[in-house]
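Residue-level listing of the chains:
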Amino acid sequence: MHLLIPAAGMGRRMGADRNKVLLTVRGRPLIAWTLLAAEAAQRITWIGLIGQPVDQALLLEIFDSLGLTTPVHFIAGGDTRQASVYNGLQALPEEATRVLIHDGARCLISPDLFDRCAAALENCSGLIAAVPVKDTIKQVDRDLKIENTPDRRCLWAAQTPQGFDVALLKSCHSKGQQLQWMVTDDAALFENCGLPVQVIPGEETNVKVTTPSDLAIAEWILSQRSH
Ligand code: CTP
Ligand code: MG
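Residues numbered from 1 in each chain as written. Chains lettered and ligands numbered in written order. Predicted model: local features only at pLDDT ≥ 70, side-chain atom pairs only at ≥ 80, totals over all residues.

Identification of the protein chain as 2-C-methyl-D-erythritol 4-phosphate cytidylyltransferase from Halomicronema hongdechloris C2206 is taken from an unreviewed UniProt entry. Listed under Pathway (unreviewed entry) in UniProt, the entry text for the protein chain is "Isoprenoid biosynthesis; isopentenyl diphosphate biosynthesis via DXP pathway; isopentenyl diphosphate from 1-deoxy-D-xylulose 5-phosphate: step 2/6." UniProt, in the comment section headed Catalytic activity (unreviewed entry), describes the protein chain in these words: "2-C-methyl-D-erythritol 4-phosphate + CTP + H(+) = 4-CDP-2-C-methyl-D-erythritol + diphosphate". (UniProt positions renumbered as here; feature names shortened; annotations may be inferred.)

Structure, rendered in structure tokens:
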């Protein structure tokens, strides 16, 4: 299975002096943990690492230092996650008919979750990992007044991996570009095109490292795993 890892963001909410995927967690750059999980997954055979051109040398150094056996290809990212994934899709080799996409910032994923998504993607054309939400979610208007409380039993928090039929996802990206859809994940493009997306049970620990407190959580979880 081919895997694209978008890692070309700026990490603005982290507030660090560099892209958050380059920050050190438990003795390694954050992105190294993501790559090691992908390497340990049995079904991942090709990795496209999507990075900012300014980070290219550092990212190459990181994956060289890990001695991975899975081939890793560097792909230049774009201004938005959507644009970065689009570039990744164009860089896939012709034989890739299905693709998994996993945020570089989700460095706590287990190899098993990659494998479960890859296996499920053999029988469907769109899927995402997700977990049931624990909090009660409120929809709130601009004046911070509650508009409604959706039934929590129907609410799931989207994670990655997200996996798709490559040809279908490419056509959803083109349609999204034409119609200027602004989405934060690939499943939303699929949904907007009226295509079904299957939910695969994700992992509570598969958090997207976004703010400094997430970095502390990642540090703690990785330290627990090494015991
Ligand atoms: N990403 C990307 N290209 C972009 C923006 C984001 O490849 N132009 C990647 C990030 O590197 C990250 C993933 O998409 O691995 C999820 O995005 P997010 O958590 O929002 O990361 P950033 O955009 O870097 O963070 P922020 O929004 O706080 O700036
Ligand atoms: Mg972002």
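Having seen it, we continue.
Caption draft 1: Geometry of the overall build of the protein chain. When you go through the protein chain residue by residue, the secondary structure sums to 7 helices and 11 strands. For 227 residues, the compact-globule formula gives about 17 Å, and the C-alpha radius of gyration of the protein chain, at 17 Å, lands near that figure. Dimensions of the protein chain, computed from C-alpha atoms along their principal axes, come out at roughly 50 × 40 × 30 Å. Counting every position in the protein chain, which comprises 227 residues, the buried fraction comes to 39%. Counting only contacts in the protein chain whose residues sit at least 6 apart along the sequence, the fraction spanning at least 24 positions is 74%. (Helix = DSSP H or I, 4+ residues; strand = E, 2+ residues; numbered from the N terminus. Rg over C-alpha atoms; globule rule 2.2 N^0.38 Å. Buried ≥ 20, exposed ≤ 12 C-beta atoms within 10 Å, placed from the backbone. Contact = placed C-beta atoms within 7 Å.)

Caption draft 2: Main features of the UniProt feature "site: Positions MEP for the nucleophilic attack" (unreviewed entry) in the protein chain. Sequence positions flagged by UniProt for "site: Positions MEP for the nucleophilic attack" (unreviewed entry) are, in local numbering, Arg-152 and Lys-208. Here Arg-152 is to be found in the loop between β9 (146-148) and β10 (156-165). In this fold, Lys-208 is placed in the loop between β11 (198-201) and α7 (212-225). Beyond its immediate chain neighbours, meaning those up to four positions away, Lys-208 contacts Asp-103, Ala-105 and Arg-106.

Caption draft 3: Representation of the UniProt feature "site: Transition state stabilizer" (unreviewed entry) in the protein chain in the model. In the numbering used here, UniProt assigns the feature "site: Transition state stabilizer" (unreviewed entry) to Arg-13 and Lys-20. Looking at the secondary structure, you find Arg-13 in the loop between β1 (2-7) and β2 (24-25). With residues up to four places along the chain from it excluded, the contact list for Arg-13 reads Thr-210 and Thr-211. With respect to the helices and strands, Lys-20 occurs in the loop between β1 and β2. Once residues within four sequence positions are removed from consideration, Lys-20 is found in contact with Gly-11, Met-14, Leu-30, Ala-105 and Val-209.

Caption draft 4: Spatial organisation of the site of ligand 1. Near ligand 1 there are 22 residues, and of these Pro-6, Gly-9, Arg-12, Arg-13 and Ser-84 occur at the shortest range. Taken together, the elements giving at least two residues each to the shell around ligand 1 come down to β1 and α3 (81-91). Its residues assigned to classes, the shell around ligand 1 shows 7 nonpolar, 8 polar and 7 charged. (Near = placed C-beta within 6 Å. Nonpolar A, V, L, I, M, F, W, Y, C, P; charged D, E, K, R; others polar.)

Caption draft 5: Here's a closer look at the sheet that holds strand β6 (residues 98-101). Sheet architecture is open: 7 strands sit in the order β5-β4-β1-β6-β10-β7-β11, paired in mixed fashion. Where the open sheet ends on each side, the last strands, each with one partner, are β5 (72-76) and β11. Across the sheet, the mean angle from the axis of one strand to that of its neighbour is 30 degrees, orientation sign disregarded. Bridge analysis of strand β7 (residues 126-132) against β10 gives 6 bridges, and the strand direction is antiparallel. For Pro-132, the partnering residue across the bridge sits in β10 and is Trp-156. (Pairing = 2+ DSSP bridges. Axes fitted to C-alpha atoms, helices over the stretch in contact; angles between N-to-C directions.)

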